[in-house]
Structure formats: C-alpha cells, structure tokens
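Examination of the molecular architecture
Here's the letter readout for the chains.
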Amino acid sequence: MQQVQFIQVTPDQLQTAILDGVKLQLEALKQDFQPKEPIDLMTRNEVKEWLKVDLSTIHNWTKKGKLKSYGIGNRVYYKRHEVEQVLTPLTNGGR
C-alpha cells in the first residue's frame, strides 16, 4: 500500500483543496453536458392532422425536401421538432 504524506497542510486545507478540485471538474462537466431529449416521432397521419393538410401535401413536401422522413420497416415517421422547424413566422400581417 502506498502512503502519501502532507507536510504543513492542515486537514481543513486539504479538504478545501479537494472540494475546490471537485467543483472545477463538475463545472467543466456541466458546460459540456447536453441531456438527451427523447425523440418524438409522428406518423404521416399525425403530421397531416397537426398541420391540417392532405397526405398528398405531406408527400410533396417530403419529396421536395421540406420535410424529412424516417423509416422503420414499412412505416414512415417524422421527428416532431423537425416538423416544428419547417414552420416559419409570417411577416406583414400574415400575408
């Protein structure tokens, strides 16, 4: 077993130094930490209902690249946050 000896360091000083080091490491971790948000997937019909458009419009927007679709098996899904990003604010009173 290896022993470490501290000369002219009080237990309080050692504790403070350790706590300061841990605090610095936690602050660095907090800056880089990005919590993962669950991906909310929507079906074509859910997107259609939400945007109040026809399925053909959803299909055309996907084909043109306005909406990005994802597939699992034979199912097609859209990420809710990406559908929200497609919506743009209107200027000049909405027209």
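None of the values given here were measured: they were computed from a predicted structure. (Residues numbered from 1 in each chain as written. Predicted model: local features only at pLDDT ≥ 70, side-chain atom pairs only at ≥ 80, totals over all residues. Heavy atoms only, no water.)

1. So, the nonpolar core
Stated precisely, the cut-off is as follows: Each nonpolar core is a collection of buried residues, namely Ala, Val, Leu, Ile, Met, Phe, Trp, Tyr and Cys, held together in the definition by side-chain atoms within 4.5 Å. Summary of the burial criterion: residues with accessible area below 20% of their type's maximum are buried, those above 50% are exposed, and those between are partly exposed, where the area comes from a 1.4 Å probe applied to protein chains only. Pairs of residues are marked as contacts when any of their non-hydrogen atoms sit within 4.5 Å.
Grouped together as the largest cluster of nonpolar side chains are eight residues: Met42, Val47, Leu51, Val53, Ile58, Leu67, Tyr78 and Val83. Discounting chain neighbours no more than four positions away, the residues touching Ile58 are Arg44, Val47, Lys48, Leu51, Val53, Leu67 and Tyr78.

2. Description of the pattern of salt bridges
Note the cut-off: The rule for a salt bridge is simple: a side-chain nitrogen of Lys or Arg has to be within 4 Å of a carboxyl oxygen of Asp or Glu. To qualify as a helix, a DSSP run of H or I must reach at least 4 residues; to qualify as a strand, a run of E must reach at least 2; elements of each kind are numbered from the N terminus.
Applying the stated criterion to the full structure yields three salt bridges. The salt bridge partner of Asp40 is Arg80, with a shortest N-O separation of 2.6 Å. Taken together, the positions of Asp40 in the loop between helix H1 (11-32) and strand S1 (41-43) and Arg80 in helix H4 (residues 80-86) put the pair 40 residues apart, joining distant regions of the chain. The exposure class of Arg80 is partly exposed, given its relative accessible area of 27%.

3. A short note on the environment of Gln31
Along the chain, Gln31 turns up in helix H1. Each C-alpha atom, one on Gln31 and one on Glu82, is 25 Å from the other, the two residues being 51 residues apart in sequence.

4. Re the sheet that holds strand S2 (residues 69-72)
Rules: In this analysis, strands are considered paired if DSSP registers two or more bridges between them. Only C-alpha atoms enter the line fits that serve as axes; for helices the fit covers just the stretch in contact. Angles between N-to-C directions range over 0 to 180 degrees.
Read across the open sheet, the three strands follow the order S1-S3-S2; overall the sheet is antiparallel. Every interior strand has two partners, whereas the edge strands, S1 and S2, have only one. Strand-to-strand twist of the sheet, defined as the mean angle between neighbouring strand axes without regard to direction, takes the value 45 degrees. Pairing of S1 with strand S3 (residues 75-79) involves three bridges; the strand directions are antiparallel. Counterpart to Leu41 in the pairing with S3 is Lys79.

5. Observations regarding unusual backbone geometry
Phi at Gln8 is positive, roughly 60 degrees, even though this residue is not glycine. Here Gln8 shows up in the segment before H1. In this structure, Lys52 takes a positive phi of about 55 degrees despite not being glycine. Its place among the elements puts Lys52 in the loop between helix H2 (44-51) and helix H3 (55-64).

No statement about biological role is implied by the geometric values presented.
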